[in-house]
Amino acid sequence: MEWLDSATIGFFVVFLGTLFLFGELLVRMRGIFAILGVAIMAMYFSYHLAGDVGFWVVILYVVGLALIIVDGKVITDGTVALLGVLLMITGLALPAPDLIYGILVSMGFLVGGFSSGLFLKVFPSRDLWARLTLKDRLTGDMGYNSLREDYRELVGKEGRTLSAFRPTGTVEIEDKHYSATSGGQWLEANMTVKVTDVDGTRIVVKNINEEKPSDEA
């Protein structure tokens, strides 16, 4: 596999491996994408693991992938996923024979990760990161309101944040729970907010204290 000495080939190998691995996380492919992604990345690591670089770089890569999955299923605020991405890039770049090669495989990872989103246009999606993307998965028997046609009536109403917004979270309005976003604003739990906009199921809230002008002289 001497052809893997080429940085350009390394870019495409990492691109394809990442494309299929992330694709498996985004869409339902019965493990086909996972098998392809693992096989391609195993080929990359098996060729480059030599000398001072040991198996620990593979562990970095696997731990990074695990953090992304955990973030998508449990935490859903993106911070742990970002750490996972950095670990995966580190695991890929360290075994590279030179700096240019390391930069190219890092770019291959990023391009492959973003390109995997195209699979969503063709294959059925998974529920991973559903709360982060504001897909309403909350059911009525848990006290959540899923009547999308009523969302437009929420504009102008006040509520209370049930969780921290980074920048998405859960808000309570008139004793009903909704997934919402604060845009670029980070909010803490138990803050009074107001609905400023609704686009489909996307509810935008704002800290109500910022809307009160200070007329004190």
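Quick notes on the rules
Residues numbered from 1 in each chain as written. Predicted model: local features only at pLDDT ≥ 70, side-chain atom pairs only at ≥ 80, totals over all residues. Heavy atoms only, no water. Phe/Tyr/Trp six-rings, centres within 6.5 Å; stacked < 30°, edge-to-face > 60°. Helix = DSSP H or I, 4+ residues; strand = E, 2+ residues; numbered from the N terminus. Buried < 20%, exposed > 50% of the residue type's maximum accessible area, 1.4 Å probe, protein only. Patch = residues over 30% accessible without salt bridge, like charges linked within 9 Å, V, L, I, M, F, W, Y side chains within 5 Å. Areas by Shrake-Rupley, 256 points an atom, 1.4 Å probe, with all protein chains shown as cover. Salt bridge = Lys/Arg side-chain N within 4 Å of Asp/Glu carboxyl O.

Attention now goes to the packing of aromatic side chains. Overall, the coordinates contain 9 aromatic pairs when judged by the stated rule. Centroid distance phenylalanine 22 to phenylalanine 109: 5.6 Å. Interplanar angle 85 degrees. Geometry classified as edge-to-face. A residue pair is termed long-range when its members are at least 10 positions apart, and phenylalanine 22 in helix α1 (residues 7–26) and phenylalanine 109 in helix α5 (residues 99–115) qualify at 87 residues. Of the two residues examined, phenylalanine 22 and phenylalanine 109, each falls in the buried class. Measuring from ring centre to ring centre gives 5.4 Å for tyrosine 44 and phenylalanine 45, while their planes differ by 80 degrees; the resulting arrangement is edge-to-face. The exposure classification of tyrosine 44 matches that of phenylalanine 45, with both residues buried.

Next up on the list: a nonpolar patch on the surface. A surface patch of nonpolar side chains, amounting to about 500 Å² of accessible area, comprises Phe55, Trp56, Ile59, Val63 and Leu94. Here tryptophan 56 is to be found in helix α3 (residues 56–75). Of the residues examined, tryptophan 56 reaches a relative accessible area of 45% and is grouped as partly exposed.

Once that is clear, we can look at the pattern of salt bridges. Enumeration according to the criterion identifies 2 salt bridges in this entry. Among the ionic pairs, glutamate 174 bridges to lysine 157, the shortest N-O distance being 3.3 Å. Of this pair, glutamate 174 sits in the loop between β2 (168–173) and β3 (176–181) while lysine 157 sits in the loop between α5 and β1 (158–161); the two residues are 17 residues apart in sequence, bridging distant segments of the chain. Residue class for lysine 157 comes out partly exposed when judged on its relative accessible area of 26%. Arginine 160 is paired through a salt bridge with glutamate 172; the nearest N and O atoms lie 2.8 Å apart. With arginine 160 in strand β1 and glutamate 172 in strand β2, the pair connects residues that are 12 residues apart, well separated along the chain. According to the relative accessible area criterion, arginine 160 is partly exposed, its value standing at 33%.

Within the secondary structure, glycine 117 is located in the loop between α5 and β1. Overall, glycine 117 belongs to the partly exposed group, its relative accessible area being 27%.

All quantities given are derived from atomic positions and should not be read as evidence of function.
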